[in-house]
Amino acid sequence: MKDRIRKLRERSVSTKPYITPERAVLITEFCAGEGASQSASTPVKRALALKYLLEHKQIFIDDGELIVGERGPAPKAVPTYPEICCHSLQDLEILNSRKKTPFAVDKETRKIYEDNIIPFWKGKSIREMIFGQMSKEWKLAYEAGVFTEFLEQRAPGHTVLDDKIYRKGMLDFKKDIKKSMRSLDFLNDPEALKKMEELKAMEIAADALIRYAERHAGKAREMAKKEKDPTRRKELEKIADVCSHVPANAPRDFWEALQYYWFVHLGVISELNPWDSFNPGRLDQHLYPFYKRGLEQGTLTKEEAKELLELFWIKFNSQPAPPKVGVTAEESSTYNDFALINAGGVKADGSDGVNELSYLILDVVEEMRLIQPGSMVQISKKTPDSFVKKAVEVIREGFGQPSVFNTDAIIQELLRQGKSIEDARNGGASGCVEAGAFGKESYILTGYFNLTKILEIVLNNGVDPRTKRKIGLETGDPSDFSSFDELINAYEKQLNYFVDVKIKGNNIIERLYAEHLPTPFLSLLISDCVQKGKDYSDGGARYNTNYIQGVGLGTITDSLTAIKHKVFDEKNVRMKELVNALHANFDANENLRQVLLNKTPKYGNDDDYADDIMRTVFEIYYRAVDGRPNTKGGYHRINLLPTTVHVYFGKVLGATPDGRKAGEPVSEGVSPVQGADRKGPTAVIKSVSKIDHVRTGGTLLNQKFAPELLEDEQGMDKLGHLIRTYFKLDGHHIQFNVINAETLRDAQKHPEKYTDLLVRVAGYSDYFVDLSTELQNEIIKRTEHKSF
Amino acid sequence: MSINRKLCNLCGKCALACPSDALVLVGRAARADEMLKEIEKDVTFYDESGGGVTFSGGEPLMQPDFLEALLEGCKERNIRIALDTCGYAPCETVDRIKDKVDLFLYDIKTMDDGTHRKYTGVSNKLIIQNFKRLVENGSIISVRFPVIPGVTDNAENVTRTGEFALSHGVKQVCLLPYHRAGIEKYRSLDKTYRLEHLQSPSDEKMQMIKEKLITLGLDVRIGGG
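Residues numbered from 1 in each chain as written. Chains lettered and ligands numbered in written order. Predicted model: local features only at pLDDT ≥ 70, side-chain atom pairs only at ≥ 80, totals over all residues.

Caption draft 1: Geometry of the overall build of chain B. The helix and strand inventory of chain B stands at 10 helices and six strands. Dimensions of chain B along its principal axes, counting C-alpha atoms only, are 55 × 45 × 35 Å. The burial tally for chain B puts 21% of its 225 residues in the buried class. Long-range contacts, defined as pairs at least 24 residues apart, comprise 70% of the intrachain contacts of chain B with a sequence gap of at least 6. (Helix = DSSP H or I, 4+ residues; strand = E, 2+ residues; numbered from the N terminus. Buried ≥ 20, exposed ≤ 12 C-beta atoms within 10 Å, placed from the backbone. Contact = placed C-beta atoms within 7 Å.)

So this is what it looks like as structure tokens:
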């Protein structure tokens, strides 16, 4: 690692995240201001607000940096977004003092919040609007933990850029906007005026980014003048040159391509706080032409390219995810903002996409070992084994990256949803595991859905036993069910009811964002917002998908399986007895719990008894959600991923028929219940492959291996074969924790010794010591496979 | 709680009644067609890795009829077969199965008949005879050599074993270092483990034996995987 990289990396890693009031102050200033801007249309006002922010925020260029630009006034300074959700003084205090993932908040910031920010935004934030408009049924379900709501604290984003910025400068985008404006038909299109306003807003946003880059050029020039070291002076002059050229114009070389993307990234995450920040996506594909040309012309070496990539990596690490409001001191969170860089996959014509940069990116990932950006490899059947092996070599280092995705499955998923073959091939996965048509799709995660909570409500005839409130349908006293089918019917009815409640809420929330918080800058970047004259949040994108993410597939399957096996097949447990035992959290009936744990079939062992029930649950959930229209001309779809919500969903859930005690986490992703898979990884792969992955927009499978399994070539080949087999069976994604339980237990006892221990949580990596104790325990518990 | 093993007739009811799986019945009676179904579950992995089924034990040659049915079933399904055996079986048994196996993983514990008798209770003559039969048959063989400190790891035995393999045209040798994983199993079976004091051979020792065999001209790997 070069000295420059070592220093900057160290600074980025060791600087503690803190809250900066900069953005909140500037946005509030703008919104509270007077004059013509205040009477402008909403999109134009939003664009002007972004422009005001980028014109007035502090510009920062660190020693030794080549790629420049920070979201806040300095690295790790995290802005807030009061127009979405406004932190209270208590929130700020908790953020400042909580043990896990704290954000320092100084006195001055609190004062600013107390005097200016809170008074101005009270009652105006979109979060308050959302909760103000949700129905009683929605609130009951939300409070009971049936589902979560993604958009109450962060804006719709969940999207990835394609190759367009590498071909076009902002000035070219402006030409496209003008063209679109000219084609507006004010005589026949009743929406022409609305479109005109949106296009004007995009134009302002494009200018705002050019201006922002120019300010960096100015700052670099100024610094160059004062710089005594001639080498650094030259670098600063080069930075000024780069920032004067991009983003106004298309990039001319590798350096400019990276800098251009970085400005775009900052633009997106400054405009609002969209989910999963933003993401360059298929970086090896986008940068390869610049890389190749640079090497051919002798203007770039492999080492220089690697250095620039590493500097680019550090930029991501310095922008922690914006913190939530309304948190408790115990609630754990993450600094990871889920940018997920793709390497590998296929090209638009279907041929193998792996190139030298795909390998170089993996070298960078291995050397950087940062929690963000995340990285993944796309493996298609055309991907050479040598690339799979390279990925496995990095995986065995044990810091949870890269995760591994099946390109062929992703393409099938996207095609099934109606995307063109080229758009599907140019796509990939982002966030945790979500499949998307990069640069052309708005794919919004709207909330997690607690599949096991539905069963609990069925077993209590519509009542949530935790809150004692009637929140669901009365589907009958379960003791009266005479067959397993009757139970399944009741489950489906109950699930349909809550999905309806959720979708009704989604449709309202979607309109709130479309009307109140359009995102003209993001819209500029995603096809076909410019052509349509429509905002990203209002159906401007070519494809518009909403997801509801099912959680706890393992727990719900094992719970239903236990009931079928014990109550209806063997008939040695009565339904009444079971429900009472669940209410009592198995107190005084540990015997029954042990029977449920050990003497019933479980998902994850390639046993059709349990796996068929998994398929039934999948079909019920799929039928309830898939194909339901959203308000943007697109559809709702399902995916199966948990991030960390399986901990929360377990907390709101009493004891379950699979022998799980109240409050314990539910299973994560599509993985079996922690410890329920007893027949090794091949049986897990077989069970999980019985899910029809192609009808989802992503599934998440976690496997943990002890590092010694991958010590030699043979072990690495075996892991490669395991991946290939899972993908042959249409599996969507698999990720590996290569670490042993002993190490993790020791890390729990002595966190100070393991501050740099990265583990794969669920779709992303995080520092083990930053995780809640429950989550730590759960990671330890995930079956540690000792042999293949 | 203690178990009176004299009364045990392997009915397994105690394990069934034990809710927490503190008692488990290891192994079960199964028919060949049942086993083939189980094997078929993993075919997709064999296809990818070029692997197949390994029959091991106990000693698979102790159940020749069952084994033969399974081998034929696998052959019908084009599944590759390895047989892990100690070679101590009647010659007729070996003849029955020798053409249905793709790879023999053949234990040669010690070339010294006295030592062999002392530690296994039988002579190694039949084992060596069966080995030769397989060689004559043209079977592919990989020698498995358990490295047991103080028993098989002396220089003379290492050289003799290596030379024996080579002289029969067998080049593959896997060195299996003695491990202590059996201690816990014996304990839970209420059996006395007579080598409790014996430690696993050191990495250096394993490396030394490996190099010795390599200089003889063998392909050697440590571990059986």
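What follows picks up the thread again.
Caption draft 2: Broad picture of the overall build of chain A. Counting its secondary structure elements, chain A contains 30 helices and 17 strands. The globule rule puts the C-alpha radius of gyration for 788 residues at 28 Å, and the 26 Å found for chain A is close to it. For chain A, the spread of C-alpha atoms along the three principal axes comes to 85 × 60 × 55 Å. Burial statistics for chain A: of 788 residues in total, 58% are counted as buried. Considering only contacts in chain A between residues 6 or more positions apart, those separated by 24 or more positions represent 78%. (Rg over C-alpha atoms; globule rule 2.2 N^0.38 Å.)

Caption draft 3: The sheet that holds strand S6 (residues 219-222) of chain B, seen in detail. All names here are of chain B. Strand order in the open sheet formed by six strands is S1-S2-S3-S4-S5-S6, and the pairing between neighbours is parallel. Edge positions in the sheet fall to strand S1 (53-55) and S6, since each of these pairs with one other strand and no more. Taken over all neighbouring pairs, the strand axes of this sheet differ in orientation by 20 degrees on average, direction set aside. Across six bridges, strand S4 (residues 141-147) lies against strand S5 (residues 172-177) in parallel orientation. Bridge pairing in S5 places Val-143 opposite Val-173. (Pairing = 2+ DSSP bridges. Axes fitted to C-alpha atoms, helices over the stretch in contact; angles between N-to-C directions.)

Caption draft 4: Examining the packing of helix H7 (residues 136-144) of chain A against helix H19 (residues 484-516) of chain A more closely. All names here are of chain A. Interhelical geometry of H7 versus H19 gives an angle of 110 degrees and a closest axis separation of 9 Å. Of the possible angle classes, the one that applies to H7 and H19 is roughly perpendicular. H19 is crossed by H7, and the crossing has left-handed handedness. Within the contact between the two elements, H7 uses Glu-137, Trp-138 and Ala-141 and H19 uses Phe-498, Val-501 and Gly-505. (Parallel < 35°, antiparallel > 145°, perpendicular 65-115°, else oblique. Left-handed = near helix turned anticlockwise from the far one by under 90°.)

Caption draft 5: Local environment of the interface of chain B and chain A. Across the boundary between the two partners, chain B contributes 10 residues, which contact 15 residues of chain A. Tallied by class, residues from the side of chain B that touches chain A come to two nonpolar, four polar and four charged. (Nonpolar A, V, L, I, M, F, W, Y, C, P; charged D, E, K, R; others polar.)

Caption draft 6: Fine view of the nonpolar core. Counting 232 residues, the largest nonpolar core has A:Ala205, A:Leu308 and A:Val617 as its most contacted members. Counting 31 residues, the second largest nonpolar core, distinct from the first, contains B:Leu61, B:Phe131, B:Ala165 and B:Val170. (Core = buried A, V, L, I, M, F, W, Y, C linked by C-beta atoms within 7 Å.)

Caption draft 7: Layout of the pairing of strand S8 (residues 441-450) of chain A. Residues and elements named next belong to chain A. For S8, the buried fraction is high: 10 of the 10 residues fall into the buried class. Both S8 and strand S11 (residues 543-551) contribute to a ladder of nine bridges, which runs parallel. Along S11, the bridge assignment pairs Ile-444 with Asn-546.

Caption draft 8: Region of interest: the sheet that holds S11(A). Residues and elements named next belong to chain A. Spatially, three strands are ordered S8-S11-S12 in an open sheet, and the strand pairing comes out parallel. The open sheet is flanked by S8 and strand S12 (635-639), the only strands paired with a single partner. Between one strand axis and the next, the sheet turns by 30 degrees as a mean value, whatever way the strands run. Pairing of S11 with S12, which is carried by five bridges, proceeds in the parallel orientation. Each bridged residue has a counterpart across the sheet, and for Thr-545 the counterpart in S12 is Tyr-635. On the sheet, helix H25 (residues 608-625) packs against S11 and S12 and is oriented at approximately 160 degrees with respect to S12.

Caption draft 9: Region of the structure containing unusual backbone geometry. All names here are of chain A. Geometrically, the link from Gln-372 to Pro-373 is a cis peptide bond, its omega value of 5 degrees lying close to zero. Omega for the peptide link from Gln-401 to Pro-402 comes to -10 degrees, which places this bond in the cis form. Structurally, Pro-402 can be placed in the loop between helix H15 (385-395) and strand S5 (403-406). With phi around 65 degrees, Phe-338 is a residue other than glycine that occupies positive phi space. Mapped onto the elements, Phe-338 comes out in the loop between helix H13 (302-317) and strand S3 (340-344). With a phi close to 55 degrees, Lys-571 is a non-glycine residue in the positive phi region. Among the structural elements, Lys-571 can be located in the loop between helix H22 (553-569) and helix H23 (575-583).

Caption draft 10: Representation of the environment of A:Val551 within the structure. Residue and element names in this part refer to chain A. Positionally, Val-551 belongs in strand S11. The exposure class assigned to Val-551 is buried, which follows from the 30 C-beta atoms found within 10 Å. Placed 497 residues apart in sequence, Val-551 and Leu-54 show a C-alpha to C-alpha distance of 39 Å. If sequence neighbours within four positions are ignored, Val-551 has contacts with Tyr-448, Phe-449, Asn-450, Leu-451, Pro-642, Val-645, His-646, Phe-649 and Val-666.

Caption draft 11: Main features of helix H10 (residues 203-216) of chain B. For H10(B), with 14 residues, the first-to-last C-alpha span of 20 Å sits near the 20 Å given by 1.5 Å per residue. Of the residues trailing H10(B), B:Gly217 is marked for its positive phi of about 110 degrees. (Expected span 1.5 Å × (residues − 1).)

Caption draft 12: Representation of the pairing of S5(B). All names here are of chain B. A crossover connection joins S4 to the parallel S5 through helix H8 (residues 155-167); in handedness this β-α-β unit is right-handed. As defined by bridge partners, S5 adjoins S6 across four bridges and the pair is classed as parallel. Its bridge partner lying in S6, Cys-174 is registered against Arg-221. (Right-handed = clockwise from strand over helix to strand, strands pointing away.)

Caption draft 13: Structural detail: the confidence of the model for chain B. Here chain B shows a mean pLDDT of 93. Residues at 70 or above account for 99%. Model confidence for the complex is summarised by a pTM of 0.93, with the ipTM given as 0.87. (pLDDT = per-residue confidence, 0-100.)

Caption draft 14: Inspection of the environment of A:Leu653 at higher detail. Residue and element names in this part refer to chain A. In this structure, Leu-653 sits in the loop between helix H26 (645-651) and helix H27 (680-688). We classify Leu-653 as buried; it has 26 C-beta atoms within 10 Å. Placed 548 residues apart in sequence, Leu-653 and Val-105 show a C-alpha to C-alpha distance of 34 Å. In this structure, Leu-653 is in contact with Thr-452, Lys-453, Glu-456 and Val-666, ignoring residues within four places of it in sequence.

Caption draft 15: Up close: the environment of A:Phe484. Residue and element names in this part refer to chain A. The residue Phe-484 is located in helix H19 in this model. C-alpha separation for the pair Phe-484 and Ile-548, spaced 64 residues apart in sequence, amounts to 27 Å. Those residues in contact with Phe-484 that sit more than four places away from it in its chain are Lys-564 and Phe-568.

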